[in-house]
Structures are given as structure tokens and as C-alpha cells.
Amino acid sequence: MTSVPRYAHGSRVPGWDEAVDLDKDPASVPEPATTPVPDDLRAEIEGYVARYPDRRSAAIPALWAVQRRYGWCAPEGVTQAAEVLRLTPAYLMAVATFYDMLETRPVGRNTVYVCTNISCSLCGADELLARIQREVGDDSDFNVRGFECLGACDIAPMASVNGTYVGPIALDEVPELVAQVRAGEEPLPARQLRGRASVDPGADRPAPGEAGAGA
Amino acid sequence: MPRPERRDITFTIDGREVTAPENTMLVDAAKLGDVEIPVFCYEPKLGNPVGACRMCLVEIEGIPKLQTGCSTPVKDGMVVHTQTDRVKEAQQGVVEFLLINHPLDCPVCDKGGECPLQDISFGWGAGTSRFIEPKRHFTKPLELSPVIAIDRERCIMCYRCVRFSQEISEDYQLVLLERGAHSYVGTFDGHPYVAPFSGNIVELCPVGALTSRPYRFRARPWDIEGAGSLCTLCPGQCNVHFTVRDDKVMRVLSRQNDGVDDGWLCDRGRFAYQAIHVDERITAPMVRDGGELREVSWERALDEAAGALRRARGSIRALAGGGATNEEAFLLEGLLASLDCTALESRPAGGPSPALAAALAHPSLQAAVPDIDYAHAVLVLDTELVDDMPILDLRVRKGVRRNGVKLAVATSRPSSLDPNAAAIARFAPGAAEAFVAALDAALLGDGSGASVDELAALAGTTAAEVGAVADLLKSAGGDEQAGDVVVVHGERATSGPRADHAAKALLNVAARLALAGREGAGLLEVPSSANGRGLREVGFAGGAELPDAPTAVYLLRTDPLRDAPDRSAWDRRLGRATTVIVHAAFLTEGVREHASVVFPAESYAEQDGTVTHPDGRIQRLRPAITLQGDNRYGWQILAELSRRLGHEAGAVLTAPQAWQRLTEALPAYAGITLDEIGGRGVRWPERNASAADEADLGPFALERPPAPLSPNGALRLGTYRTIWDAPEVEASPALRYVLGDGHVELSPVDARRLGIADGERVVVASGADSAEAVVALREAVRAGSAFVSGNALAGPGVEVRKA
Amino acid sequence: MSLKLLFAGIDEPGLRTIDVYRRRGGYEIAPRALEMPREALVEELKASGLRGRGGAGFSMGMKASFIPQGTMDKYLVCNADESEPGTFKDRELMFKNPHALIEGMIIGAYAAGANRAFVFIRGEYVEVADVLEAAVDEAKAAGVLGDLELWVHRGAGAYICGEETGLLDALEGKRGNPRLKPPFPANQGLYQGPTLINNVETLMTIPYILRMGASEYAKIGVENSTGTKVVSISGNVRRPGNYEIELGIPAREIIYGLAGGPPEGREVKLWFPGGSSSPVLTKDDLDIPYDFDSLAKARTMLGSGAIIVVDDSNSVVDVCLKLATFYRHESCGKCTPCREGTNWTVKMLERIHSGEATPMDLDIMASVQTRIIGNCLCVLGDAMAMPVSSMIEKFRPEFEAYMDEVRLGADAHAPLVPEGALA
Ligand SMILES: Cc1cc2nc3c(=O)[nH]c(=O)nc-3n(C[C@H](O)[C@H](O)[C@H](O)COP(=O)(O)O)c2cc1C
Ligand code: SF4
Ligand code: FES
């Protein structure tokens, strides 16, 4: 098959060009007798299953569990989750590829999402992303991604560093931030969202009908 | 779920008043007023509409936004417009959107000329595009499976293929991956989409994104002719369209008949047409000469056969199967009767007496295929539908998924319908009689009969499992009422030496559930051969004394070495017979080893005649192509033989004449003309119900079933045939990929004990017979049983050891 | 200073814990509400005038009254997906006062006749979900949930899961594709059962309403837009953040008064009044009262109550491209106009951005937007098309000037179409 030209700004997606491997067996619902599942993974997924009236609802929590265990939604883990949920692995893969946070290719274990949506970009998010990418370089321990609005425009420009919201991040703080992540330390503790007080000047007064509040 | 009631309403569309059943979707209702609303994603056979493509937008007075006609049920007094500027703008918009990333490579597209995207762009598009950005290009076509190619550039994301995989065949292998404009149709981790019904997605795809690899670039739509007929590769008898070019079958498409197939086909039916045009096919008569089969002239073959039959008078045994038509069976029956032979059978494993068989198939007890849609409960008994009558597997799934039919599965081998079942009973291989007797006792429930515990134990199951099935059936109708129950039973359940007892037990179950005369309920047998029911009705019903060592054996489209469970008995019988006359399309083992005279059997695309569906629907096979090679019609051969043997009644001149004579001879078929059968068939149990003899429908006092034969410490053998077990499949190049080593299915418990692993090659031995097989572990297989595909072994016990 | 309800004392240390929440009178109103007849509670909610805070602004009480009663399983779902660009109010509310949401859900579930409830929280809110889960555990341990079964369900990153039916599919473990409506969730929602879906802020407001009484609550704000609203304001303002306001105050008071307006020397060029899905307004619109009806009259919407301010140092083309790229990324892909329309719009904007476009392309782009609006399966398509249309309409001269500038700047002599290309 001769190759066809691709367009840099076309939407080229991994997968579009992939044929199946005709030597593989079809991927039906995994047979329990031949699909070993680690006990703790099975127990965790069964725990999620118990929360819902329908087993399938545990699909996303189960994929999270797989991602925590394997670092990404690895085919092996997805197959194991499919066995527990009695679904096909294709079902779970369809779900996993729909959601931005579920990784369907191997990635670095430190996740840095930089919000590049409107509000953050008005405050320099694109530059921040570029700066972080430069600082991280080709360190395969990192998974740095520009992300849609993370719901923290009040601390723009910001990033979610392994789930912790940090911002505003000045460009010159980036080396420190990356070093902290490398060292397994808290990222920019003073800039974390969890320590931030409300900007609303009236927020320190009690509501009508509420017993004496006061901070 | 009760069948919906139909009520007609009147609505207005483009100024016309139209009457339509209430709640029909607008696009369908519009057709009744000759208004066409274009659709892509809407396909009623796929279930609820998804409203994704937005092609069908229409204006409805009183609703501000345009609405999708595919998902709007029509109501009385609705006023609909499809020709307004707003609607046109929206339609042109959708066409424009769909084409922006479509490659417009129609000149090199296999779908060209029969493509809904072309037609709708022509009819409803603006004719121009304002999209000047570069289009996306990808490698294409890619393999999606050995039989399907995918061209992702052309896909318009209509969801049809993935809905089929997810909601019809429920294999859930084909999915949409990624999101938004990046979405694409694919499978898990590069696995091929291989499933028994996968080919339907080719027919569903409204563009050239999914194409049949065997058909790609074999013909242009204007070079081909369509010929409506049937597929007789299994008892499903799906209605098909043969695509014919230059007198060759190039493709098989579904010809939707909701009474039979709902518009689907299995991959055997869709791709095994290739066997019609392969060199291996027998297309000239042959005679054994000096130990070798040699091609001879028709005259010689007919003379030899006639002579042999004449000499064997009184000692002939005939077995019919495969796609033998009613006419062929009728002519052979008459011919052999003139030679004092009535040893005619069509059940290779033996069956109940003709009277009991007729009782099981009695019009008052006969369920029709569509009854499954709205039954309260369905019991699948001793059959794996996806293998034995694939199309019915989809039907059962549909009932469960869409209408809440409660499903009970009672089989020895784990069934692919288990996940859909509300109750499952697993009995020991061969213990169907004991299971049904136990079910009967449980349904009776007053302890007056034999104890459920004891019978369940004889069946190798538990009273709890039997009870679960009984409870489900008893109360499916709500308020502790049985309601409409359909029992789909495999031929195997009532076969073997104790077939009469099993048949009585089954009739008892029907009686306990009050199925007789009940609308929408009843029994439905899955015969082992495509026209099993017709053959029996015409006279191949067993019954008469069957000589164990006949002088001559007549095999009409069947090879017992392939089809019969007691292979070795038949091997001996054929070996001892002086003459074996066969009608066969392929030189299968029994033909090769034992035939004295071979008549080429024309393929189902060439056949002219009728067959009878398991639910009593008489359907018609019409020749789609002329006879291939030196073939003659089966009825013609039998007429020739009749003429030679002086049996004038059988010397018909045409197939319709044979049908005419058959309807005169058989009250059940009386008066049914070929015209009446037409393209949809006629169910004689509905039309001629009164023609059926009075039958004794029980309840009977049951004899205690014997304890099952002990496997003597070995594993108990169960056999099965996969959907792919057919000479036509083996001869079809496109289906080579399904052929492989036979499997032995074991429970992990036994495998551990035997130190055998999944995928390991083993020897499975039973007495003097043995076979190699690959181990497939299945959690759901009960410990103590082993399931082997094919009929190489007979059991009851088998040893499994490393090869 | 205006009245505070949800934000009153929200920074109180320990408010996340049930003890502090209780000390402030928490979990007192729920048992009282559960003693009311269900219909009376629903009437009370209706009377408060509370409108949904998630985007559509539908009357909360009305929606609760649509839930058919009977023995079938019914559900309450809290929409905590909060993915609308510019919106971060639910985050702060849940993070700081999770028990108020739980109490609101106890009452909301009773109003819907539901005994199972889920919070669907966006996967990115890891810290918030941890806090919320801890609070739910506390509430369970304290027995305040009664027989209500409540679970926090984390999403995994998809804006479309904020759309209520997409959310239901996601919660059922599927791809979060929106469903065809009807049937509406109130009739056939989660697992086909009647389902009441409300935004975090909507549910959290309920305890405050009941404490003060619906008629008192209805006096806050203006007609048809009663009560307070937590507004997220971000972009080019000096004090971005969440502010609780009384509905109906002039927008200028929020943008300039509370958030301090654009930085020194800058002016407001355009602003989104209700998240990025709302058609934009300009500096001439700053005196519009910030309430549902006034904004609707200005052909835009209050949406999620998120104001994004863009000052005059930014180009409308950049903003438009960012916006369209977001919607292309988030389109679920199920329906044609949205999937292809967002994609095409981005490609056109990229062309404009790189100087390969002419004013005619603006007309095509505008027409593409009209072919999207109203024709999609859900309103995500509209959510791009409406603001894009409004930008083309209100900033056409700037778009055209931009095209000229980029094209001339890139290569003043390059013909638009290479010579010979049309031969
Ligand atoms: C594309 C899209 C995204 C949405 N995102 C959210 C969201 O993140 N949070 C939310 O509460 N509502 C969101 N909505 C609105 C919901 O569909 C729904 O109207 C709301 O949850 C109802 O709750 P309410 O009546 O309390 O506002 C979104 C709607 C659309 C069309
Ligand atoms: S491949 Fe064909 S059937 Fe499947 S979504 Fe695309 S256009 Fe539809
Ligand atoms: S046919 Fe109606 S939306 Fe596709």
C-alpha cells in the first residue's frame, strides 16, 4: 500500500490508519478461566460495581483503577476489567478513548495538565505550557498536556499537577515546580488552590438563619 | 410484554392528509403519503432511533425547532412540512457537513451506484460545497476482518455498524473510538471483528466505508441482477437476494422477511455462496468403477441407479437432509414406495414416532418465529441457536433486549445466550429427557409425580436449577400466570432410542404451561437439517422398521458420516450395502468412500422447489442462476429414475408439477399454490390448521428415565456442531479463516486435575475412536463434562490426555 | 455590601467537617423538610423562584414536580461536571462547604421521591472529590442520610458530560453521548427511571431557601430571577474569583466593582456573561442588569453565571479560535452538524489566523453557524455557533482588518491564489 499525503493541520488521530491484525483472535467477553485478574484489582472493581444498580456503571471507576495500576489503560488491564465487568474490552476501550483523562497510550507517571482555555490563555497560559514543556524536556516521567478549562480561571494561569491545582504560576517559578515534581515534593505549596481564601469581600459574614459563623 | 395495539390516526404532511398507525415514526408514516424524508442513521431493524445524522429534520407546526422525523412518533392532527425553506436549508447543511470530510472518491468506490450517500446528496444536497480546506486522508482500505474492509475516510458516523454489533448481535466487538471529529469505527487493540453475524454491517453501511472483501470490485451495480430466493444452509431459511453477474452468484444480501429473519443473515449464509462456484463441486454424475468414482454420462448413471434400486427392492433405506426440497423428498418417497420401501428418515440421530413428532409440531402447539418477539418467556432447550439456527439467536436477543422477554436456557453446553438468561439449567450431555421430566414435575409442583430432586439428579443437574426454570416459566405472565411461553427445542432433545419418552415429557411441559391453542405461544423445534420439517411432513419421518443392513442406501443431500452422531454405525452400514446412491455437491468422506452412484446436487441458488420452515412456513426456492456444469435438477433426476422404474406418478415434467402433486397428496399442504407462497411464504399451521390430524397432546404418565450411561470415571462427552460445520463453508475461500483445529472444551477444574492448559493440543479418546483437539477452557463448563465439536467421537465417556 | 447566603462564612476553618457544619446549624433543616408532605416541599421550591444554576435556568421546583411518583426506582443526580469554560463556582462551593451540598441533596432527593443519589463530579476535580467523598462518608457515619444511598461518581474528562443526558450515559458507564429528547430525564433518566438532575449550586441553595422561607428568598433579586447567584469572573480583570451577588445588579458592578475591571489602561473589549457558550457582549452592554431575563433580552444568556472579560489588548480572532477549538475538542461526535460544523469552523478560523482567508470566508463561517444552530442533537453545537456568530456580527471590521494585516504582513505581494492555479 503506498502512503498517502497527510496534512499537519488535518485531524490525524492515532488509530485512523490502523488495520486489525488478522492473526489475533476476536476480542469477545474475556473467558474467566483464561483471564487471570489480580485479586486486589478484582476486589476494587467489584466494590465499585456494588454502588450501582447496573454493573456497567462501574466502567469509568474500573478504568481509573486500571490506570492507577498500569499507568495507563493498558490492553492487559482493560481485558482484566472487562472480565470482572463481563463486558468486551472493546466496550471499555470505547469508553476510555472518549475521556481525556484516561490514557490509551503509555505516558509518564507525573501528570501536568496546563489549562489553555480562554481565561487562562488571556493570562499567559500558552506561554506557561511552552515553558513547562521546555523545562521537562524529554523526561519520560512526565505527561505534560495542554488541557481544556480546568475550572480554576481564578488562579490563571494554572496547572493541575498530579491532581493538585496550582496557580497562578509565574514563568520563573516553572523550574522550581518541575524540580519539586521530580523530587516527589508538593508542587509550589504557596500557590496551591487549597490554601486560597475567597475573594468575595462579604464571605466572612454569616448567612441569615445560620448560627453564628465567623472566620 | 404485550404486543402493541395498532390504532390509526390522520396527520397532514406537505398539505396531504395521510392515515398511519399512531406512533409510527414520521419518516415511515410519511412514506404512506408518498413523501420521502431522507435518512442515514435511521434503520428500524436496529431498534430505537439515535437521531444522530440529522438528515431527517422536518418542521412540525407548533414546535419551534426542527424535529428529526426518524424519532418523532406521529400523532393525530400533526401538521408536518418537509419542503419549506428552513427544512431545505437544514438538509443542505447536513449534506454539506457530511461531505466536507468525505473523500468523494466515488469512481473508485465499490458502493457507487447503490450508495445512499450519493442518492441523498443528489436529491437533497445543494450540489456545491464551500469547503476548500484540505480533506483528511488516511491509509485505505484497511482490513477490519478477513471478510470486511474498512475505509475510514468515507465513514459518515451513522452508528449503524456499531449499533448492530452492540444491540443486535450483542458481540460488542465493534465500537466507536475517540471522540468528536476524531471518532472512528474500530475494535479493541487491533483485534479483528470476527463474529457470526459480522457481515451484516456491510449491508447496513450507507456509504462505501464497509465493504465485503469477497465482493469488492467484482461488479458494478448496473452489471448485476438480483434474484430473490432462500438460504438453505441451515433450518433458519433466511430470505435472500442473490446478486448475480454472468450467471454467477457474486454476493448474498438479506431480503427482509420479519416472519423469518428480521432482515439479517449470518456469515455462513452471507459468504458460503462461494461454494457454488468452486472447482471442488461435483457437477457431473459419477459411478464407482473399479473402486474409483468416475464421471460418466447421465444415461449411464441413471441406468446404474435404476438397476441397483430395482435389484434392491424391499431392502432400501433412505436418508434425506441438507437442503433437499419437499418436491425431491416427495418424489423419492413415491419412487421408493413403488419398490416396497418405507424406511425413510431425516433425523440422523433417530426421533420419536411419527405420531409423537406430529404432536410436537401440531398446529395448536406450533409457535411462529415472531412469537419470540413478544412472548412472556422463552425456553431454549438443548440447542445452541447461534450454531444450530443462527438467525433465531438474534431473534431471542431482540425479544429479551427490546421487549423484556424472560429467557430460560437449559442446555448441557454453556450457551452464548447465558448472559441474557434469567434462569439457566445445565444438565448432563444426553440427559435432556430426564431434565424435561424434572421440569414437568417441577411445573406440576404438587409432588404427585416423581420427585424433582430425583429426576434432576438423573439429569445431572439440581432441583434448584430446574426449579428456577420452572418458576420463570410459570410466572412469566405476571400474577403467577404462565403467559405466552415459547419453547425452542433442539432436535437433539427428542432423539436417540428414548426419543418417544423425551417427546412425551416435552408434551407434558407444554400441557402444564397450557400452550395448546394459545396465540403467541407454543413449541418451536430446531431441526438438524435445513428442511427437516418439510422432509418429515412429506414422509421422511422414521417410523417404519429401519433395516440395519439394507442392500441399497439412498442418501438425498446428506452424508451421515458427517451429519449423524453414530458415525461408525453408518460407516459399517454403508460399507455393507451393495449400492449407495447419493445426491451430493461435494465429495465428503461418506460419498468418497461408499457411493456407488453420485448425482451432482445443484446448489440452493440453482434449486427450484419448496422447503418448510421449522415453524411451518412453506417457502419457495427459485433458481437465481442456471444449472452449473452438467447439473440437472434433483426433481428431474428423481423423475427420470421414476420413469425408468415404471413409476409413472413420479415422472413429473416440472418442479411446479411435483408441488401440485404433493399438495394433492398431503392434506397439510392442500390447496397451497406457488403463487400464494410467493416471496413471503405461507404458514400451513395457520392456513390449513384443520388439516392436521387429531393428535394426543398428553399429558402422559412418564416412565422414569434411566440413569445416564456411566462414563466410567472418564469425562462425560457432549458434542456440538459449530455454525461453520458445513461442506459449503469449507469450500468457500472467504471463509477459510474460520476453519481450524477442533476444540475440546473443559472446565478449569478438570483441566487442573489432568494437568492440561488452555490452548494445549490433546488427544481425546472414546473407546477405539480418538481425535486430536485443542483445549479451550471455559469457566461455565460443568466439571465432569467435555465438549467436542463434530461427530468423531460417540462417548458416553472420553479420556483427555496430552498429545 | 450585598447579602451573602452560600458564601457566608465559607472560609470558616473546618467547615468541611460535619462538626463545624452542624455547629452552624447544618443538618437541621433537612429533617424538618422531610417531615413536610412532598407536594408541599415542591410547592415551596416553586414559590422560591429558584432557577437552575447550571446553564438552562429552568425552575427547580417545576422540574421536581415533573418527576412521576410511583413504585419505580427514582434518582437524584447532582451535576458537578462544571466544565463550562470560565466557570468555577461549584468547585469552591463543594470544596469549602461539602455538607451544604449533601444537605441540599437529601432534601432534593425527597422532593423527587428518590432514594438513590449520585454526584457526578468532573474527574479533574480530584481534590474536591476527595473532600466531598470524605464528607459523604462522615454524613453516612452520622446517619444524616437516612435511607438515601449517595455516591460520588468521578468523571474522566469530557465537557459533554455536563449536558444532562450525556451525564446520565456517562454515569451508566457509557461514552457520554447525549440522548435524544424526549424522553426527558424527569420521565426516563438514569437506568430508565425518573431522574431529577440539578446543578451543585441549585441543590446547595435549597437549605438556605428553606431556612429563610421561600417567600423571603423570593424577595431577593428581581422578578423571574430571584435569589443570589455565585458568579465566577475571570480573564482580564484584576480580582478574578467567585462573588455571590444578588441577581439583577448591573454587570458593571460585578466586572468593575467587585472584580476591579481590566488592568490599568485597558478597556473591556468583549465579555461572555454566562460562560463561553453565551453570545458575547461589548463594553456598551456593561449596564445590563445581571439576571436571566435582561440577558436574554440582550440575545445572550446568564448560563452558568461565569463572566469572562477580554480586554482590548487581545484580538477577537484569537479568542474566537480558542473558543471554537474547545468546542471541536469537546463535541461528542454523535450528530453531524456539531461534529463537522465545529471542525470546519476551526479550520476556517485557522485559515483566517494564518492569513489565508478573505472576507467571503466570514460569510461562509456565519452561514455555517446558522446551519448548526437548532439542528443538533444537544446544544453543544449551538454553544459554539452562538458566540461565534455574535463575534462575527459584532466584530466584523476587526476580523477583516486582521485578515488584511496578517496577509500583508506575511508577504505583501503574495497573491491569494497562486498564479496558474486557476488556469
Ligand atoms: C454542553 C453542555 C454542558 C453543560 N455543562 C454543565 C455543567 O458542567 N454543569 C451543570 O450544572 N450543567 C451543565 N449543563 C446544563 C445541564 O444540561 C442541565 O441543564 C443542568 O445540569 C440542570 O441543572 P439546573 O437546572 O440545576 O441548572 C450543560 C449543558 C450543556 C448543553
Ligand atoms: S462505517 Fe458505515 S455504518 Fe459504520 S458509522 Fe461509518 S458510515 Fe455508518
Ligand atoms: S435519520 Fe433521523 S437523525 Fe439520522
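This write-up is about the structure you can find in this document. What you are looking at is a predicted structure, and each value in this text was computed from that prediction instead of being measured. (Residues numbered from 1 in each chain as written. Chains lettered and ligands numbered in written order. Predicted model: local features only at pLDDT ≥ 70, side-chain atom pairs only at ≥ 80, totals over all residues. Heavy atoms only, no water.)

### Comments concerning the sheet that holds strand 34 (residues 797–802) of chain B
All names here are of chain B. Heads up, the rule is: By the convention used here, strands pair only if DSSP detects at least 2 bridges between them. Think of it this way: any DSSP run of H or I at least four residues long counts as a helix, any run of E at least two long counts as a strand, and we number them from the N terminus. Lines are fitted to the C-alpha atoms to define the axes, a helix being fitted only along its stretch in contact, and any angle between axes, read from their N-to-C directions, falls within 0 to 180 degrees.
Here 6 strands make up a closed barrel; going around it, the order is 29-33-30-32-31-34 and the pairing mixed. Pairwise comparison of adjacent strand axes, ignoring direction, gives a mean angle of 45° for this sheet. Sheet analysis places strand 31 (residues 761–766) next to strand 34, joined by 4 bridges and oriented antiparallel. Pairing of Ala765 across the sheet is with Glu799, part of strand 34.

### Structural notes on the packing of aromatic side chains
Residue and element names in this part refer to chain B. Worth spelling out the cut-off: In summary, the pairing rule links any two rings of Phe, Tyr or Trp, Trp by its six-membered ring, whose centres are within 6.5 Å, and it sorts them by plane angle into stacked for under 30 degrees, edge-to-face for over 60 and tilted for everything else. By the criterion adopted, a ring carries a charge over it if an Arg CZ or a Lys NZ lies within 6 Å of its centre and within 35 degrees of its normal.
Counted according to the given criterion, the structure contains 21 aromatic pairs over all chains. A ring pair is formed by Trp298 and Phe599, whose centres lie 6.1 Å apart and whose planes are at 5°; its orientation type is stacked. Taken together, the positions of Trp298 in helix 7 (residues 298–312) and Phe599 in strand 25 (residues 597–600) put the pair 301 residues apart, joining distant regions of the chain. The cationic tip of Arg413 hangs over the ring face of Tyr720; the distance from NZ or CZ to the ring centre is 3.5 Å.

### Some thoughts on the site of ligand 1
Residue and element names in this part refer to chain C. Put simply, the rule reads: In these notes, residues near a molecule or strand are those with any non-hydrogen atom within 4 Å of it. Whenever a nitrogen or oxygen atom comes within 3.5 Å of another N or O atom, the pair is scored as a polar contact, on the condition that within protein one atom can donate a hydrogen and the other can accept it, and that pairs from neighbouring residues in sequence are kept only if both atoms are in side chains. Under the scheme applied here, ten amino acids are nonpolar (Ala, Val, Leu, Ile, Met, Phe, Trp, Tyr, Cys and Pro), four are charged (Asp, Glu, Lys and Arg), and all others, including Gly, are polar.
Close to ligand 1 lie 20 residues; Gly54, Asn79, Asn198, Asn199 and Thr202 are nearest. Between ligand 1 and Gly54 there is a distance of 2.6 Å, counted from an oxygen atom to a backbone nitrogen or oxygen. The separation between an oxygen atom of ligand 1 and a polar main-chain atom of Glu82 is 3.0 Å. If you tally residues by element for the shell around ligand 1, the top one is strand 4 (residues 195–199), at 3 residues. A class-by-class count of the residues in the shell around ligand 1 yields 5 nonpolar, 9 polar and 6 charged.

### Looking at the site of ligand 2
With respect to spatial proximity, 13 residues lie near ligand 2, and among them Cys155, Ile156, Cys158, Cys161 and Cys205 of chain B are the closest. Taken together, the residues of the shell around ligand 2 sort by class into 12 nonpolar, no polar and 1 charged.

### What to know about the interface of chain A and chain C
This is how the line gets drawn: Throughout, a contact is declared for two residues whenever any of their heavy atoms are within 4.5 Å. Summed over both partners, buried area is the accessible surface (1.4 Å probe) that two parts give up on being assembled. By definition here, a salt bridge exists when the distance from a side-chain nitrogen of Lys or Arg to a carboxyl oxygen of Asp or Glu is within 4 Å.
Chain A puts 61 residues into the contact, and the matching count from chain C is 83 residues. Between chain A and chain C, a total of about 5,600 Å² is buried, with carbon and sulfur atoms accounting for 57% of that surface. The tally of links between chain A and chain C comes to 4 salt bridges. Joining chain A to chain C, the criterion identifies 28 residue pairs in polar contact (both at pLDDT 80 or more). The biggest single contributor to the side of chain A that touches chain C is helix 4 (residues 89–98) of chain A, with 5 residues. The residue makeup of the side of chain A that touches chain C, split by class, is 33 nonpolar, 15 polar and 13 charged.

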